[in-house]
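Coordinate inspection notes
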Amino acid sequence: MKNDQAGLYIHIPFCLSKCGYCSFYSISSVHLIPEFIKAVAGEMAFYKNTFHAFDTIYLGGGTPSLLSVQQIDDILKAVNNNFNIEQHSEITIEVNPGDVSLEYLQQLRKLGINRLNIGIQSFDDPVLKFLGRRHTSKEAVFAFDAARKAGFDNIGIDLIYGLSGQDIDVWKQTLKETLSFFPEHLSCYQLSLDEKTPLYKQYKKEGLKLTVENEALDFFMTTSQILTDAGYIHYEVSNFARTDSLKSRHNMKYWRHTPYLGLGPAAHSFLDCKRWWNKAAVKPYLKDISEGKKPVEKSEQLSTKQLALEALFLGMRTKDGINFELYKKRYGSDLLADKRPIIDELIKNNLIELKNDSLCPTLAGMAVADSLALI
Amino acid sequence: MKDKSPPNHWRAFFNTLMENIRNFSIIAHIDHGKSTLADRLIQFTGVCNERNFQDQMLDNMDIERERGITIKSNAISLPYRAKDGKEYILNLIDTPGHVDFSYEVSRSLASCEGVLLLIDAAQGVQAQTLANLYLAMEHNLAIIPIINKIDLPSADIERVLEEIDSELGLDPDTHIKCSAKEGTGIEDVLEAIVLRIPPPKGDAENPLAALIFDAHYDSFRGTIIHCRVFEGTVKSGDIIKFMHNGTTYKVEEVGHFLLTRTKREKLSAGDVGYIIAGVKTVADVRTGDTLTLQERPCSQPLPGFKEVKPVVFASIYPIASDDYQDLADSLDKFKLNDASFIYEKDSSAALGQGFRCGFLGLLHLDIVQERLEREYDLSIILSVPSVRYRFTLKDGKVVYVDNPTHYPDPAEIAMGEEPYIRAAMMLPERYLGTVMKLCMEKRGVNSNMNYTGPGRVELSYEMPLAEVIFDFYDRFKSVTQGYGSFDYNIIDYRESNLVLMDILVNGEKVDALSQIVHRDRARARGLNACDRLKEEIPRQMFKIAIQGAIGGEIIARSTISAFRKDVTAKCYGGDISRKRKLLEKQKAGKKRMKMIGSVSIPQSAFLAVLKSDND
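Because the structure is a prediction, the values reported are computed rather than measured.

Here we take up the overall build of chain B. For chain B, the count of helices and strands is 14 helices and 33 strands. The globule rule puts the C-alpha radius of gyration for 615 residues at 25 Å, and the 27 Å found for chain B is close to it. Here chain B, with 615 residues, has 57% of them falling under the buried criterion. When the accessible surface of chain B is totalled, it reaches about 25,600 Å², and 48% of it is carbon and sulfur.

Quick look at the structure:
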């Protein structure tokens, strides 16, 4: 872990419509976008002396691709005015396949954005409809091709599996089509429903069931098998990259307790054992900044014990696992010495393995990472 | 408890003549409104004003209030000016409501001349109504049937009257209607107590004979003895003697139970009150014992004394071994107020240092466990409860074993014996078949049956106590739909083909789960234990094998499959704190489990093996 440089996340809280499964904060009042962009720039000023430099920038949402090229440019300029952006930084934007034209993508590329994450979710139209997505599989194909034409050589695709009654063959077909694009990065999320989401209510109302455990495991294992066979590294529970350098450098920071600054409503930040997060609603967020206040909802000072627990559940999500030396240095306890009997039992049961002075989950272990954290 | 003077308006009552005293209990099926009626009587007679009134006045412990059962006996003296213009002292003696404490109940009733038999106007006569009636009749008490909850829309007074006649065999014309909740009919109840319960008999000049019906511990004054004086007089300065063992103490104070203890000059024949005499612990006092004066003792003790012995044994271990000293201190304190609870040091290969404890029954055990956790803030594990077995070894030595860990070497055993009880059951005839089937399944023998009224049966069986502990009471209640009542007496030890059954979790023997069982039942009990443990032990990341074994032979097994997927799909910046909080909670839950080898076993598993799943 050479890279301890902080990452910057900017939450764009606008969506034209709400996808049924999504619990991220967003609103459809796009007329607030201009005011929001000024506010984000204002928020940066609060932190210019706390966070000096970043080597990743991630524009997430919401739907960042609802913003015009000019608006995105404004945000990036504000970033450059307030912070140092390292050379060779990873600069990602999430886009919705239905929103993007070739020209739009070309201009994003010109702004210095070098990584795209396309929320394709599925190549199956009935699935897309069920999920409440605005785009079709045809638009998804178009968006990907346009991104390549626009010169993006680091493209990630988001997919969702494990819908009620989804046949694993339909999912395999989606994976096969996805692979035909040869994306650099893939995120495959098993559908889980927060109680607040519309799809949760629909599931309840129609008596639909999420995939049961065995089936979920089957999807998880099959996905891993197909993608690793195709040459991808399964480097986190839901994430796959073609090479080490194509892993999402920004997201890795979350799993490694690397500092990050989150701007925009509901965004979370982490620095020096402290985590804080912004108010989730746009209007109070705008109001605070207009009054010269940080729009922080809450902050927490994390004890070493809490950090250690986080390090365990985050580490167990990743292929690289938990480095004993680093863990001892940061959290003061010798994992291997303290937990030897249970570690041996878990090794015996093929859930973890010792590799390179690290405790690493096996594929089966990754599937129960949350429990591995409780050893 | 601080001493406090009574209100002026009834200070004068204290020179009450014996003919103006009434001693009574309220008896009822659970939830028929016993505590509420007691509250209303207390309020009506003005012992307590609105300000210091709270519901369930006589149930002092949280656990009593929550479970709606009375565990400790309690007494209170109520002053009452009756319609005849005379002033009375009505002594209400509250009684526990469970078979584990039936001896305490019998001593409380022995202290009374009459009872209020409370019946819910909607539910009518229930199992405990009948069982309580029989208890009262055994003590030749005056019985006043009271129909409570007449305010309920579902009240059916006609039907209840008919049941009083046909099922209880009481004259329905003698009933009183009230609603303790609404406070109606309370004066009628008080008048009936005065008119229909006879005053106590006895002579204040005779040698002292006082019945101890309870005792509690006060951190300032030591043991407070609760008693009913039958003959004679006791006052401070007297030297009193416990008749069962002859120990003597000097009386420091006597008095009445008002809302708080209230000192009096003396207690005389007919009185209910307390005695403080420098007795260190409640264990030095025996419920049912007779108190007399050393100088001029009564010729013989009051009838009915028996030494209450624990019949169920289990070991208590702290979940965290660091808490051992805390547990030891807490048991010490706990024992001060619970004479029937006994304990000694014990240790387990699987669970470490702990204590072997004796209880009156499973409810008592349950209550002790809950109070230790609640009032002393301890997290504890209980081993599987056991009765006390008797083994005659080949060398002629006789050993008693209440802890499976101390099971003798099977090669040395000449004979094993287990305690038997006589179970007395009352039930509606329609349940007779299922109850007999249950009793036979529990190795019941020598049944006896009697019709006590139309459709009512009294049934008795001789059964091994161990079978009764093993989920008998719950199943009996269930098969009789709550209409059956049950009581038992230990009769003797009988020869039995006993074996030690061990439980292995992932190949490791968990001694706290071992049981001594009848050989013919071993396989069924083993399977049951394996199944129950399978339900109680949460799935873990790896497969867990549970086995029942006699010696080296595996007689039962079950497997808890591993859970194989629990990870959430997304965990980014905004998810981490929430996820940590969730895991912190799970971690705290896990702390309440005992790690045995690499398996976490929850507290509940240890008691669950005694429950069966067939109802």
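Further notes follow.
Turning to the overall build of chain A, a few remarks are in order. Helix and strand counts for chain A come out as 16 helices and 15 strands. The C-alpha atoms of chain A give 21 Å as radius of gyration, which agrees with the globular expectation for 375 residues (21 Å, within 12%). Seen through its principal axes, chain A has C-alpha atoms that stretch 60 × 50 × 40 Å.

As a further point, take the domain arrangement of chain A. Residue and element names in this part refer to chain A. Along its sequence, chain A is carved into domain 1 (5-255) and domain 2 (315-372). Between domain 1 and domain 2, the C-alpha centre-to-centre distance is 29 Å. Taken together, the 11 residues of domain 1 in the interface contact eight residues of domain 2. A salt bridge links Lys247 to Asp320, with the shortest nitrogen-to-oxygen separation between them at 3.9 Å. The interface formed by domain 1 and domain 2 holds three residue pairs in polar contact (both at pLDDT 80 or more) in total. Put simply, the parts of the chain that give the side of domain 1 that touches domain 2 at least two residues each are helix H8 (213-229) and strand E7 (233-236). Considering only residue class, the side of domain 1 that touches domain 2 consists of seven nonpolar, two polar and two charged.

Our next topic: empty space enclosed by the protein. All names here are of chain B. Counting across every chain of the model gives five cavities of 30 Å³ or more. One number sums up the size of the largest cavity: a volume of about 90 Å³. Val384, Pro385, Ser386, Val387, Tyr389, Ala466, Ile469, Gln515, Ile516, Arg525 and Leu610 together form the lining of the largest cavity. Counting residues per element, the ones that place at least two in the lining of the largest cavity are helix H10 (465-469) and strand E29 (515-518). Considering only residue class, the lining of the largest cavity consists of eight nonpolar, two polar and one charged. In this model, the second largest cavity occupies a volume close to 50 Å³. Ser315, Tyr317, Asp346, Arg356, Ser383, Val384, Asn403, Pro404, Thr405, Asp511, Ala512 and Ser514 together form the lining of the second largest cavity.

The pairing of strands in a sheet happens through backbone hydrogen bonds and is either parallel or antiparallel. Residues and elements named next belong to chain B. Ordered by their spatial adjacency, four strands build an open sheet running E18-E19-E17-E20, and the pairing between neighbours is antiparallel. Looking along the sheet, the strands with just one partner apiece sit at the ends: strand E18 (342-348) and strand E20 (380-382). Neighbour-to-neighbour, the strand axes of this sheet turn through a mean angle of 30°, independent of strand direction. Across five bridges, strand E17 (residues 312-318) lies against strand E19 (residues 352-359) in antiparallel orientation. Counterpart to Ile316 in the pairing with E19 is Phe355. Contacts between helix H8 (residues 362-375) and the sheet are confined to E17, E19 and E20, with E20 contributing the most and set at about 165° to the helix.

If you look at the interface, chain A gives 42 residues, while chain B gives 30 residues. Buried area between chain A and chain B, summed over both chains or domains, comes out near 3,400 Å², and the portion from carbon and sulfur atoms is 59%. Its largest share of buried area at the contact with chain B, chain A owes to A:Glu213, A:Asp370 and A:Leu374, together 19% of the area lost on that side. The interface formed by chain A and chain B holds five salt bridges in total. The shortest N-O distance in the salt bridge between A:Asp370 and B:Lys579 comes to 2.6 Å. Broken down by secondary-structure element, the contributors of at least two residues to the side of chain A that touches chain B are strand E6 (185-190), H8, helix H9 (249-255), strand E11 (274-278), helix H11 (304-315), helix H14 (340-348) and helix H16 (369-372) of chain A.

Moving on, we get to the pairing of E7(A). In terms of strand pairing, E7(A) meets strand E8 (residues 239-241) of chain A through three bridges, oriented antiparallel. Among the inter-strand pairings, A:Glu236 is bridged to a residue of E8(A), identified as A:Asn239.

Below, the discussion takes up the nonpolar core. A:Ile10 and B:Met425 are the most contacted members of the largest nonpolar core, which totals 201 residues. Built from parts of two domains, this core gets at least three residues from each of domain 1 (5-255) and domain 2 (315-372) of chain A. Beyond its immediate sequence surroundings of up to four residues, A:Ile10 is in contact with A:Val40, A:Met44, A:Tyr58, A:Leu59, A:Gly60, A:Ile75, A:Val79 and A:Leu263.

A separate point is the state of the cysteines. A complete count under the given rule lists zero disulfides over all chains for this structure. No disulfide involves A:Cys188; its sulfur sits 17 Å from that of B:Cys571, the nearest cysteine. Unpaired in terms of disulfides, B:Cys227 finds its nearest cysteine sulfur in B:Cys298, a separation of 13 Å. Of the residues examined, B:Cys227 reaches a relative accessible area of 0% and is grouped as buried.

Turning to the confidence of the model for chain B, a few remarks are in order. Scored by pLDDT, chain B comes out at a mean of 88, with 92% of its residues at no less than 70. In the predicted complex, the global pTM is 0.73; the interface-specific ipTM is 0.94.

Residues and elements named next belong to chain B. Within the open sheet, the six strands sit side by side as E2-E3-E1-E4-E5-E6. Their pairing is mixed. Each end of this open sheet is capped by a strand with a single partner; those strands are strand E2 (74-81) and strand E6 (176-177). For strand E1 (residues 21-28) and strand E3 (residues 87-94), the ladder comprises four bridges, and the chain directions are parallel. Residue pairing for E3: Arg22 is matched across the bridge by Leu90. Across the face of the sheet, helix H4 (residues 127-138) comes into contact with E1, strand E4 (114-120) and strand E5 (142-148) while running at roughly 170° to E4. Sitting on the sheet, helix H6 (residues 186-196) is in contact with E1, E2, E3, E4, E5 and E6, with an inclination near 170° to E5.

Moving on, we get to unusual backbone geometry. All names here are of chain A. A cis amide bond links Gly61 with the next residue in sequence, Gly62, at an omega value of 20°. Examined against the element boundaries, Gly62 turns out to sit in the loop between strand E2 (53-61) and helix H2 (69-82). With phi around 60°, His88 is a residue other than glycine that occupies positive phi space. By the element assignment, His88 lies in strand E3 (residues 84-95). Note on His88: relative accessible area 68%, which makes it exposed.

Bringing the pattern of salt bridges into the picture now. Applying the stated criterion to the full structure yields 53 salt bridges over all chains. For A:Glu300, the salt bridge goes to A:Arg275, with nearest N and O atoms at 3.9 Å. Residue A:Glu300 is located in strand E12 (residues 296-301), and its partner A:Arg275 is located in strand E11; the two are separated by 25 residues in the primary sequence. Note that B:Glu418 and B:Arg443 form a salt bridge whose closest N and O atoms lie 2.7 Å from each other.

Turning next to helix H5 (residues 157-166) of chain B. Residues and elements named next belong to chain B. Residues Val160, Leu161, Glu163 and Ile164 constitute the buried set of H5. The buried residues of H5 all sit within an arc of 160° when viewed along its axis, so they share a single face. Opposite the buried face of H5, by more than 90 degrees, sit the exposed residues Glu158 and Glu162. Considering only its buried residues, H5 is in contact with E4 and E5.

To continue, consider the side chain of B:Glu462. All names here are of chain B. With respect to the element layout, Glu462 can be found in strand E25 (residues 456-464). Within the structure, the side chain of Glu462 is placed 2.7 Å from the side chain of Arg494, a separation counted as a polar contact. Leaving out residues up to four positions away in the same chain, Glu462 has contacts with Tyr420, Ile421, Arg422, Arg443, Gly444, Val445, Asn446, Ile491 and Arg494.

Cut-offs used in this document
- Residues numbered from 1 in each chain as written.
- Chains lettered and ligands numbered in written order.
- Predicted model: local features only at pLDDT ≥ 70, side-chain atom pairs only at ≥ 80, totals over all residues.
- Heavy atoms only, no water.
- Helix = DSSP H or I, 4+ residues; strand = E, 2+ residues; numbered from the N terminus.
- Rg over C-alpha atoms; globule rule 2.2 N^0.38 Å.
- Buried < 20%, exposed > 50% of the residue type's maximum accessible area, 1.4 Å probe, protein only.
- Areas by Shrake-Rupley, 256 points an atom, 1.4 Å probe, with all protein chains shown as cover.
- Domains from an automatic or database assignment.
- Contact = heavy atoms within 4.5 Å.
- Salt bridge = Lys/Arg side-chain N within 4 Å of Asp/Glu carboxyl O.
- Polar contact = N/O pair within 3.5 Å; in protein donor to acceptor, adjacent residues only side chain to side chain.
- Nonpolar A, V, L, I, M, F, W, Y, C, P; charged D, E, K, R; others polar.
- 1 Å grid on protein atoms, 1.4 Å probe; cavity = no way out; pocket = protein on both sides within 12 Å on 5 of 7 lines; lining within 4 Å.
- Points joined across faces, edges and corners; volume = space filled by probe spheres on them.
- Pairing = 2+ DSSP bridges.
- Axes fitted to C-alpha atoms, helices over the stretch in contact; angles between N-to-C directions.
- Buried area = accessible area lost by both parts, 1.4 Å probe.
- Core = buried A, V, L, I, M, F, W, Y, C linked by side-chain atoms within 4.5 Å.
- Disulfide = S-S within 2.5 Å.
- pLDDT = per-residue confidence, 0-100.
- Arc of directions from axis to C-beta.

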